[in-house]
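Residues per chain are reported as follows:
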Amino acid sequence: QVQLVESGGGSVQPGGSLRLSCAASGRDVVFKHMGWYRQAPGKQRELVARIISGGSTTYADSVKGRFTISRDNAKNTVNLQMNSLKAEDTAVYYCNAGEIRPTGRNMDLREYNYWGQGTQVTVSS
């Protein structure tokens, strides 16, 4: 069973920085994509940033220019550097990883997604 473990969350003042890390274990695989989602109270879960195995990245408009996602395929880790944090960034941040692998008797290719337990990020004065 794949496990994703996040670290680096905490409380900071507006304008501060945090670096989130996510380490995957349980399978020796280079995930097709890894990323970060967040969910604030009363809001839908939203994509924050995503990076595919080839290195291409996607960011939510609200974090462009402030957050940077990176990954180390050899270590199966993904990081999120968060700068210039705002109160609106307060949320639980979840690590996500996806892979395509053969499954079942016929070894059909299917996509699997895995999630971490989440880490709290609080931005307040």
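For the structure, see preceding data.
Residues numbered from 1 in each chain as written. Predicted model: local features only at pLDDT ≥ 70, side-chain atom pairs only at ≥ 80, totals over all residues. Heavy atoms only, no water.

Participant: Go over the overall build of the protein chain, please, and point to the residues and values.
Facilitator: When helices and strands are tallied, the protein chain shows zero helices and 11 strands. Reading the protein chain from its N terminus to its C terminus gives the helix and strand order β-β-β-β-β-β-β-β-β-β-β. Taken over C-alpha atoms, the radius of gyration comes to 15 Å for the protein chain, in line with the 14 Å a tight globule of 125 residues would show. Along the longest, intermediate and shortest principal axes, the C-alpha atoms of the protein chain span 55 × 30 × 25 Å. Taken as a whole, the protein chain presents about 6900 Å² of accessible surface, with 45% of it coming from carbon and sulfur. For the protein chain, the distance from the average position of its 15 positive side-chain charges to the average position of its 10 negative side-chain charges is 1 Å. (Helix = DSSP H or I, 4+ residues; strand = E, 2+ residues; numbered from the N terminus. Rg over C-alpha atoms; globule rule 2.2 N^0.38 Å. Areas by Shrake-Rupley, 256 points an atom, 1.4 Å probe, with all protein chains shown as cover. Lys, Arg positive; Asp, Glu negative; His and termini not counted. Charge placed at Lys NZ, Arg CZ, Asp CG, Glu CD.)

Participant: Provide a residue-level description of the sheet that holds strand β3 (residues 18-25), including the pertinent values.
Facilitator: The strand order across the open sheet built from four strands is β1-β3-β8-β7, with neighbouring strands paired in antiparallel fashion. Whereas interior strands pair on both sides, the edge strands pair on one side only; in this sheet they are β1 (3-7) and β7 (67-72). Strand-to-strand twist across the sheet, computed as the mean angle between neighbouring axes with direction ignored, equals 15°. (Pairing = 2+ DSSP bridges. Axes fitted to C-alpha atoms, helices over the stretch in contact; angles between N-to-C directions.)

Participant: Got a sec to walk through the side chain of Asp89? Specific residues and values, please.
Facilitator: Topologically, Asp89 is positioned in the loop between β8 (77-82) and β9 (91-103). Taking relative accessible area as the criterion, Asp89 reaches 2% and is therefore assigned buried. If sequence neighbours within four positions are ignored, Asp89 has contacts with Arg38, Arg66, Phe67, Ser84, Val121 and Val123. (Buried < 20%, exposed > 50% of the residue type's maximum accessible area, 1.4 Å probe, protein only. Contact = heavy atoms within 4.5 Å.)

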